[in-house]
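Fold and contact review
Residue-level listing of the chains:
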Amino acid sequence: MNQRLFWDKFFEKVFKGTAWVAVLTLVGIFLMLLINSARAFETISFAEFFSGTAWNPAAYGEATYGIGAMLFSTLLVTIGAMLIAVPLGIGAAAFLSEVASPRTRNILKPAIEMLAAVPSVVIGFLGIVLVAPALAKIFDLPHGLNALNGSILLAIMALPTLISVTEDAIHAVPQHYKEASYALGANRWETLLRVTLPSCTSGILVAIMLGLGRALGETMTVLMATGNATAMPNGFFDSVRTITATVAIEMGEVPFGTPHYFSLFACALVLFLITLLVNIAAERVAAGYRRKGQ
Amino acid sequence: MEKIKIDIQELDLFFDKKQVLKNVSLHIPAGKITAIIGPSGCGKSTLLRSLNRMHDLNPQARLSGKIMLDELNILHGNTNVVHLRRRIGMVFQKPNPFPKSIAENVSYGLKINGLHDKKKLAEAVENSLRAAALWDEVKDDLDKSALDLSGGQQQRLCIARAVAVEPEVILMDEPCSALDPISTAKVEELMLELKKKYTLVIVTHNMQQAQRVSDFTAFMYLGELIEVGETRQIFQKPQHDLTKNYVEGHFG
Ligand SMILES: Nc1ncnc2c1ncn2[C@@H]1O[C@H](COP(=O)(O)OP(=O)(O)OP(=O)(O)O)[C@@H](O)[C@H]1O
Ligand SMILES: [Mg+2]
């Protein structure tokens, strides 16, 4: 066999192997979560786990394992983050690609992407010393360690990816769509809203999905900045504790092999399934838009 | 003497330091088809795009001279570009319908101009599609994506889209260069039909097409307007050697 053919085959094998390792890892994680979760439901009933709102597994006597409050908190913080990040992110991306001069864009875009490199513990820190006091002051609260704080911080963390991916999508919209719009008398704003953005919906959806995944799975920031209360929140001004925070806090101290131990796997499994669902849904919607033609 | 719809006077255009149009003066008569011909790169598209101020999008473009649309000074800074583009529509070389439904494509220009009445929009869609000789082919598929149409149908849809806002002038930049002969014949037939209501300016590389459809022909070479006249005269008795060589197919 000649040398080029050898290396060609060699790399093909290496990359094929890598792809399979990734798939097997995913399946492995899923099975590990599933098997351990199953053990949890030997002692805890499904009904209690999913409909109960009291999470008190370490209680002396009657331990309770309801993830309702944590699940709701996770969704509350995540949706809040998206409500902040999506309009801001799309707006910033539109500004970068359609309004800013090439020079401004070449400075701003890398700077925004750099924001993604800030460790989450630093963002959490900012949440405690900066955002929380500000929220307390603005809304006249005893303290600002609440769901809103978490949403704001997660929005900041989701923004770099959201902006960057959306900007790429907007940038890829063919110039001739925009020209057709201008030639019909549309201004820049109308062209952006009615032609450019609708033409790159699938790209924007991917961006939102990535942001959502980031927000759902983020642990450190929400653990630090949302007040760490396991009770069911009434709104954005209540302290909360997300599923990720609970697993992170309790996994280190829980006695091995107890129902509490296994229940944390069940928590992680729920989170895993939610993210999976978000990914699948987004993929389908995006595929639908791609078929319509872009 | 013909009524003049667009009067181009001593137009110069630079892209950065490169001069692309050199002292171009040209009358576009109302209700006629004027063809602009010339070798690739001579500035035909650039001239056409000056008429509806498409160069506004390009910060490198600098224009001087004067272009009048009836009484409107097109290049003047105070001219409302939105109104101007409503009066001068454009069809591009490559069919470029929006990735929207057929009906939405046609109604786009009306909607951004503030028309939201569903019944009126539907009427305008039908009329415009009829004007573009496309109605019979698509009347049952108005909600389907415009991108599922054939290239020729897409180009006629783009014509319908331009017609919908009822412009006075329609600019067409090589509208048939991406089309097969049958679609081309349809679009040419359509041009002759549209001439009854609109003033048309077309750019074409197809000498037969220019002779088939246009009333007047302008020949450009390296950014200059070499010769303009009745189409028959330009093709049969060109005054200028460059024109003669070009229309006889010796270069280009
Ligand atoms: N945006 C631009 N920036 C710089 N130069 C440009 C730009 N657009 C066109 N040109 C240059 O201007 C000259 C005229 O271009 P134009 O597109 O008007 O030619 P054309 O006659 O339409 O050619 P074709 O028949 O190939 O379409 C060319 O030399 C081209 O390279
Ligand atoms: Mg051209």
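Look above for the structure.
Report follows, based on the coordinates. (Residues numbered from 1 in each chain as written. Chains lettered and ligands numbered in written order. Predicted model: local features only at pLDDT ≥ 70, side-chain atom pairs only at ≥ 80, totals over all residues. Heavy atoms only, no water.)

Quick notes on the overall build of chain A
The test is simple: A run of DSSP states H or I qualifies as a helix once it reaches four residues; a run of E qualifies as a strand once it reaches two. Both are numbered from the N-terminal end. When a residue's accessible area, from a 1.4 Å probe over protein chains only, is under 20% of the maximum for its type it is buried; when over 50% it is exposed; and in between it is partly exposed. By definition, residues are in contact when any of their heavy atoms lie within 4.5 Å. Exposure was quantified through the Shrake-Rupley algorithm and a 1.4 Å probe, taking into account, for residues, occlusion by the shown protein chains and nothing else. His is not counted, nor are the chain ends, whereas Lys and Arg count as positive and Asp and Glu as negative. Throughout, a charge is located at the NZ atom of Lys, the CZ atom of Arg, the CG atom of Asp or the CD atom of Glu.
Secondary structure assignment for chain A yields 12 helices and two strands. Moving toward the C terminus, one meets the helices and strands of chain A in the order α-α-β-β-α-α-α-α-α-α-α-α-α-α. C-alpha extents for chain A along the principal axes are approximately 75 × 70 × 35 Å. Taking all 294 residues of chain A together, 44% fall into the buried category. Put simply, 70% of the contacts in chain A that link residues at least 6 apart link residues at least 24 apart. Put simply, chain A shows about 15400 Å² of open surface, and 69% of that area lies on carbon and sulfur atoms. Considering chain A, the positive charge centre built from 18 side chains and the negative charge centre built from 17 side chains are found 12 Å apart.

Notes on the interface of chain A and chain B
Rules: Here the quantity called buried area is the total loss of accessible area, with a 1.4 Å probe, experienced by two parts when brought into contact, counted for both. The term salt bridge refers to a pairing of a side-chain nitrogen on Lys or Arg with a carboxyl oxygen on Asp or Glu at a separation within 4 Å. What qualifies as a polar contact is a pair of N or O atoms within 3.5 Å, subject to a donor-acceptor requirement within protein and to the restriction that residues adjacent in sequence count only when both atoms come from side chains.
Across the contact, 18 residues belong to chain A and 26 residues belong to chain B. Surface buried jointly by chain A and chain B totals about 1900 Å² across both partners, of which 63% is contributed by carbon and sulfur atoms. Viewed at the interface, chain B and chain A are joined by one salt bridge. Our enumeration of links across chain A and chain B arrives at four residue pairs in polar contact (both at pLDDT 80 or more). Elements represented by at least two residues in the side of chain A that touches chain B include exactly helix 7 (175-183) and helix 8 (188-199) of chain A. Among the elements that make up the side of chain A that touches chain B, the one with the highest residue count is helix 7 of chain A (seven residues).

Digging into the site of ligand 1
Residues and elements named next belong to chain B. To be explicit about the condition: To be near a molecule or strand, a residue needs just one of its heavy atoms within 4 Å of it. Note on residue categories: nonpolar means Ala, Val, Leu, Ile, Met, Phe, Trp, Tyr, Cys or Pro, charged means Asp, Glu, Lys or Arg, and polar means any other residue, Gly included.
Taken together, the neighbourhood of ligand 1 is formed by 13 residues, with Ser40, Lys44, Ser45, Thr46 and His205 sitting nearest. Here an oxygen atom of ligand 1 sits 3.0 Å away from a polar atom, N or O, in the main chain of Gly43. One nitrogen or oxygen atom from the side chain of Asn58 is found 3.2 Å from a nitrogen atom belonging to ligand 1. Starting from 630 Å² of accessible surface for ligand 1 in isolation, the protein chains cover 65%. Elements with a minimum of two residues in the shell around ligand 1: strand 2 (18-29) and helix 1 (44-51). Considering every element that reaches the shell around ligand 1, the biggest residue donor is helix 1, with three residues. Each residue belonging to the shell around ligand 1 can be placed in one class, and the counts come to three nonpolar, seven polar and three charged.

Brief notes about the pairing of strand 2 of chain B
Residue and element names in this part refer to chain B. For clarity, the threshold we go by: DSSP calls a pair of strands paired once it identifies at least 2 bridges connecting them.
For strand 1 (residues 4-15) and strand 2, the ladder comprises eight bridges, and the chain directions are antiparallel. Across the sheet, Asp7 pairs through a bridge with His27, a residue of strand 2. Hairpin connection of strand 1 to strand 2: two residues between the antiparallel strands, including Asp16 at a positive phi of 60°.

Comments concerning the packing of helix 3 (residues 68-99) of chain A against helix 9 (residues 201-217) of chain A
Residues and elements named next belong to chain A. To keep it simple, the criterion reads: Interaxial angles span 0 to 180 degrees and are taken between N-to-C directions of axes, which are lines fitted to C-alpha atoms, for helices over the stretch in contact. Left-handed describes a crossing whose near helix is turned anticlockwise from the far helix through less than a right angle; right-handed describes the clockwise counterpart.
At a closest axis distance of 10 Å, the pairing of helix 3 and helix 9 adopts a crossing angle of 145°. Classified by chirality, the crossing of helix 9 by helix 3 is right-handed. Two secondary-structure elements touch here, helix 3 through Thr74, Thr78, Met82, Val86 and Ile90 and helix 9 through Ile204, Ile208, Gly211, Leu212, Ala215 and Leu216. A breakdown of the residues in the contact of helix 3 with helix 9 according to their chemical character gives eight nonpolar, three polar and no charged.

Some details on the nonpolar core
Where we set the bar: What we call a nonpolar core is a set of buried Ala, Val, Leu, Ile, Met, Phe, Trp, Tyr and Cys residues that are connected through their side-chain atoms within 4.5 Å.
Formed by 125 residues in total, the largest nonpolar core has its most connected members in Ile6(B), Leu47(B), Leu129(B), Ile159(B), Met172(B), Met191(B) and Leu194(B). With 12 residues, the top contributor of residues to this core is helix 6 (residues 147-171) of chain A. Among all residues touching Ile159(B), those that are not within four sequence positions of it are Val91(B), Ala132(B), Met172(B), Val187(B), Leu190(B) and Leu194(B). One finds Phe49(A), Trp55(A), Ile67(A) and Val247(A) within the second-largest nonpolar core, a separate group that totals 21 residues.

In short, the description is geometric, and any link to function would need to be established separately.
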